Amino acid sequence: MTAYKVLIADDNSVDRKVLSRVVRNQGNEVIEATNGFEAVDIFTEHRPDIVLMDVMMPGLNGKEATRQIKSIAEEDFVPVIFLTSLSDAQSLADCLESGGDDFLTKPYNHVVLQAKIDSYHRMSEMHRTLLNQRDEIARVNRHMLQEQRVAKAVYDNVAHAGCLTSPNIRYELSPLAVFNGDVLLAARKPGGGMHVLLGDFTGHGLPAAIGAMPMADIFYGMTAKGFGLREVLREINQKLKSILPVGFFCCAAAVDLAPDRQAASVWMGGVPDCYLLRNDGERIETLSSRHLPLGVMSADKFNDQMTEFPMANGDRLFLWSDGIIEARNSDGEMFGQERLINVVRDSAHASDVYDDIQRAVDEFVDGSEQDDDTTLIEVVMDDALREDNESGVTKAGISQGPRDWSMEYRLEASTLKSFNPVPLMNHIMMEVPGLRAIGGQLYTVVAELFSNAFEHGVLGLQSSMKQSPDGFIEYYRQREKRVAELEEGFVRINMHHTGVGESGTLTLTLEDSGDGFDYKRHDREEGSGNNYSGRGIPLIESICDSIEYRGKGNEVSVVIHWPLEQAT
Amino acid sequence: MSVRASLAGNGQELVIQVDGRFDFSAHQEFRDAYESASQVRKYIVDLGGATYLDSSALGMLLLLRDHAGGDHSEISITNCNDDVRKILAISNFEQLFTIQ
Amino acid sequence: MIDIESLNMLKDIMEEEFQPLIELYIRDSDRRFPEMRMALSEGDCESVRMTVHSLKGASSNVCAVDLAEQAYTVEKMAIDGALDQLPGAIDALEQSYQQVRQQLNTLV
């Protein structure tokens, strides 16, 4: 049994001795005080676990001594049990009122005495545990806030490399929003125009903040190097997919503003409908999410398709995370899409919409506690974006890098069995700054040409097989079998680039060891295509200036001039 | 909120019913529902009684998909009300799940 | 006069401290009667009450139940300030105490 330290304060020495003996017999350590003053002094010095206090003592009586002890104990819980022969209810109540926790009436019942001592000891243990936990929580919380401040500072250094302060942008993002999962990024493109990205990570706190870091880094890094938004999104998706646990992802809306073409392209995955308002009209155009959020699909299944629409100077695009729509009033009711579109519809002019939304949401929530951030951004098309602040740097950037070069890469059967050369090819092409803006499309072209050469040429698979869903499955079954059995064959890739700094020409030639095909007949039948095979061909045609089949059809050469007429 | 799981189709189909608000509070129960079942080839998530779902519910569906074999999984989400259907549509989950 | 059975229990509890306890009781109590009379002569009923209250507690501890009961009656008189009744009551209390004292002395 644990020895408790028990202070017994009683001026009556016979009473004190008897009680002291009983308590000691029960295994406790006893300190005796013969009056109230002594009790307070001994308490201060020895800090007993529990105090048994006679009520009537000369000098300082039990009640007053208790008050003093309780005040010395501060937030520690020290149970004081009054010893009394008083038996009327009011006297007993008075004892408790003066700060006593309980009373014991004389003559004492030894069993009850020990039970009370034990019970109060448990209570003070619990109290101590609570205090320790409280202090620990407070300490952890202080530590966490400190960490968040530091993390916020680091994050700001990454995120504020951008141009959210640009005059064509208005936005609302709470100061610690990064820890609530909302991210807002904007960066000028080297050739004029701007990329904007609004992200909403699932969850709150650290997981969301961690995902935001590489996202901002990739966004700013790649945009500054001249990569197209599709390529940026592709990279962010891949990064998030690899670092976030399954079930965590980032809903996002990304915009590529191209003032030179008076157009914008958006990619939306998992965010609510956004609106486009014309400067000169009343019509509200709705943009809807067409993709899965970032970080869900693997790189090969990620869809980077953007929706392009004309956007004249002064036209406004409004983007938000679900925080605005899910903002709750004091009754727990959500603001909702309906209210939002009504606010937009009722605004006198497109330029009032931003303020009107903010006001409507503020009035609606009226200070109630919110679970989510109400991130809102307005992006206005502005001709001034065409002129690049940093044109000197970026023009120089574009004119740098390799201009006139060529390389040939021949892959033999043993290599083709397990190695995909497309990423390497892409990497080499991306050394040319002018090709970065079309990196995504180039990747698709190279991937398509290579898989044609390998699958139809080297492996001899017929693309016509892919015309039905069953054939599609059979095609891939056959592919796997033939790759396993492959012993000879090759694919030769030749890349040739010439450039003058701000424009250039890339020629890709692929030859394979296969039998080729009747490309003259293929040309005649073009347009009778199907949904399963040759998906890449229209895309190749939209980017390449020419496609030429040669020899027996086992060699193809495509030419791409950059900059493209249209960057989609 | 409540999550109930039952087997159908000779024990090869697992029906998971979620009622009420489908949010983070359902996390453990939802996970237990599919992790405790073996030999299951097809999953049916019945959201007939679900009034609302948030992004963590979407995350839980992705976890189930991962558990069920990722791209080879067979998961149907059924009986969604309009609000729930809208949330699934915004996130384009019909690309990953059969939504009925 | 004394509850012998209870006193034996006390003896078991106190062991070697029993005899000193009884001696302490007698020493304390012997002193209390002159104290009470002194206070009474000064009309200080509160002091009388404190002293007789202590006697009551100590007596009940040494199992002198009747004496404790009688002390309680005197305590109530002191609370009521019954100056006319107190001298007689204190005398009677002391007589009872002397009997308890004698009995205790034979027992230890």
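About the thresholds
- Residues numbered from 1 in each chain as written.
- Chains lettered and ligands numbered in written order.
- Predicted model: local features only at pLDDT ≥ 70, side-chain atom pairs only at ≥ 80, totals over all residues.
- pLDDT = per-residue confidence, 0-100.
- Helix = DSSP H or I, 4+ residues; strand = E, 2+ residues; numbered from the N terminus.
- Buried ≥ 20, exposed ≤ 12 C-beta atoms within 10 Å, placed from the backbone.
- Pairing = 2+ DSSP bridges.
- Contact = placed C-beta atoms within 7 Å.
- Nonpolar A, V, L, I, M, F, W, Y, C, P; charged D, E, K, R; others polar.
- Axes fitted to C-alpha atoms, helices over the stretch in contact; angles between N-to-C directions.
- Parallel < 35°, antiparallel > 145°, perpendicular 65-115°, else oblique.
- Left-handed = near helix turned anticlockwise from the far one by under 90°.
- Core = buried A, V, L, I, M, F, W, Y, C linked by C-beta atoms within 7 Å.
- Domains from an automatic or database assignment.

Moving on, we get to the confidence of the model for chain B. Averaged over chain B, the pLDDT score is 88; the fraction of residues at 70 or greater is 100%. Per-residue pLDDT, averaged within each element of chain B, yields its smallest value for helix H3 (residues 82-90) of chain B (86) and its largest for strand S4 (residues 75-78) of chain B (94).

Take the pairing of strand S20 (residues 555-562) of chain A next. All names here are of chain A. Burial of S20 is one-sided: the residues Val556, Val558, Ile560 and Trp562 facing one way are buried, the residues Glu555, Ser557, Val559 and His561 facing the other way are not. Sheet analysis places strand S18 (residues 504-512) next to S20, joined by 8 bridges and oriented antiparallel. The residue of S20 that forms the bridge with Glu511 is Glu555. Summarising the sheet, strand S19 (residues 546-550) and S20 pair through 5 bridges and their orientation is antiparallel. Paired with Glu548 across the strands is Ser557, a residue of S20.

Moving on to the interface of chain C and chain A. Counting residues at the interface gives 15 residues for chain C and 14 residues for chain A. Where the side of chain C that touches chain A is concerned, the elements lending two or more residues are helix H1 (4-14), helix H2 (18-41) and helix H3 (45-61) of chain C. No other element matches H3 of chain C, which puts 7 residues into the side of chain C that touches chain A. Split by residue class, the side of chain C that touches chain A holds 8 nonpolar, 5 polar and 2 charged.

The next thing to look at is the packing of H2 of chain C against helix H5 (residues 86-107) of chain C. If you want to describe how two helices pack, look at the angle between their axes and the distance between the axes. Residue and element names in this part refer to chain C. Direction vectors running N to C along H2 and H5 enclose 165°, while the axes themselves pass 11 Å from each other. By the angle between their axes, H2 is roughly antiparallel relative to H5. Relative to H5, H2 is oriented so that their crossing is left-handed. Residues Ile22, Ile26, Ser29, Phe33, Met36, Arg37 and Leu40 of H2 form the contact with H5, whose own contacting residues are Leu86, Pro87, Ile90, Glu94, Tyr97, Arg101 and Leu104. A class-by-class count of the residues in the contact of H2 with H5 yields 10 nonpolar, 1 polar and 3 charged.

Residues and elements named next belong to chain A. Spatial ordering of the open sheet is given by S6-S15-S14-S11-S12, a layout of 5 strands whose pairing is antiparallel. On the outer flanks of this sheet lie strand S6 (169-172) and strand S12 (284-287), each paired with one strand and no other. Each strand axis lies, on average, 15° off the axis of its neighbour in the sheet, ignoring direction. For strand S11 (residues 274-277) and S12, the ladder comprises 4 bridges, and the chain directions are antiparallel. Within the sheet, the bridge partner assigned to Leu277 lies in S12 and is Ile284.

To continue, consider the interface of chain B and chain A. At the junction of the two partners, chain B supplies 12 residues and chain A supplies 14 residues. Per-element tally for the side of chain B that touches chain A: the top contributor is helix H2 (residues 55-67) of chain B, with 7 residues. Residue classes in the side of chain B that touches chain A are distributed as 5 nonpolar, 6 polar and 1 charged.

For the rest of this paragraph, the subject is the nonpolar core. Phe219, Ala253 and Ala254 of chain A are the most contacted members of the largest nonpolar core, which totals 132 residues. In terms of residue count, the dominant contributor to this core is helix H15 (residues 439-458) of chain A (9 residues). Here this core spans two domains, and each of domain 2 (160-386) and domain 3 (401-562) of chain A adds at least three residues to it. Once residues within four sequence positions are removed from consideration, Ala253 of chain A is found in contact with Leu198, Val266, Met268, Val271, Cys274 and Leu319 of chain A. Residues Ile69 of chain A together with Ala68, Leu93 and Val100 of chain C belong to the second largest nonpolar core, which totals 52 residues.

All names here are of chain A. Read across the sheet, 5 strands follow the order S7-S8-S9-S10-S13 without closing on themselves; strand pairing throughout is antiparallel. Sheet topology places strand S7 (182-188) and strand S13 (307-310) at the edges, where each strand pairs with a single neighbour. Neighbouring strand axes in the sheet, compared pairwise and without regard to direction, differ in orientation by 15° on average. Note: S7 against strand S8 (residues 194-201), 7 bridges, orientation antiparallel. Its bridge partner being in S8, Leu184 is matched across the sheet by Leu198. Those strands touched by helix H7 (residues 229-243) are S8, strand S9 (250-258) and strand S10 (263-269), and its axis lies near 165° from that of S9.

Moving on, we get to the packing of helix H1 (residues 13-25) of chain A against H3 of chain C. The contact between H1 of chain A and H3 of chain C brings their axes to 8 Å, and the two run at 40°. With respect to H3 of chain C, the element H1 of chain A is oriented oblique. Seen along the crossing, H1 of chain A lies across H3 of chain C with a hand that is left-handed. Contacts between H1 of chain A and H3 of chain C involve Val14, Asp15 and Val18 of chain A from the first element and Gly57, Ala58 and Asn61 of chain C from the second. The class makeup of the residues in the contact of H1 of chain A with H3 of chain C is 3 nonpolar, 2 polar and 1 charged.

What follows covers the pairing of strand S15 (residues 376-380) of chain A. Residues and elements named next belong to chain A. In terms of burial, S15 is largely enclosed, as 5 of its 5 residues are buried. With burial as the criterion, each face of S15 is covered, one bearing Leu376, Glu378 and Val380 and the other bearing Ile377 and Val379. Where S6 lies against S15, 4 bridges are found, and the strand directions are antiparallel. Looking at the pairing, Ile169 lines up with Val379 of S15. As judged from the 5 bridges shared by strand S14 (residues 316-320) and S15, these two strands associate in the antiparallel manner. By the bridge assignment for S15, Leu317 is matched with Val379.

The omega torsion of the bond from Trp562 of chain A to Pro563 of chain A falls at -5°, within 30 degrees of zero and hence cis. A positive phi angle, near 55°, is found at Asn10 of chain B, a position not held by glycine. Counting through the fold element by element, Asn10 of chain B comes out in the loop between strand S1 (2-8) and strand S2 (13-22). The backbone of Gln39 of chain B shows a phi angle near 65°, a positive value even though the residue is not glycine. In this structure, Gln39 of chain B sits in the loop between helix H1 (27-35) and strand S3 (42-53). Note on Gln39 of chain B: 9 C-beta atoms within 10 Å, which makes it exposed.

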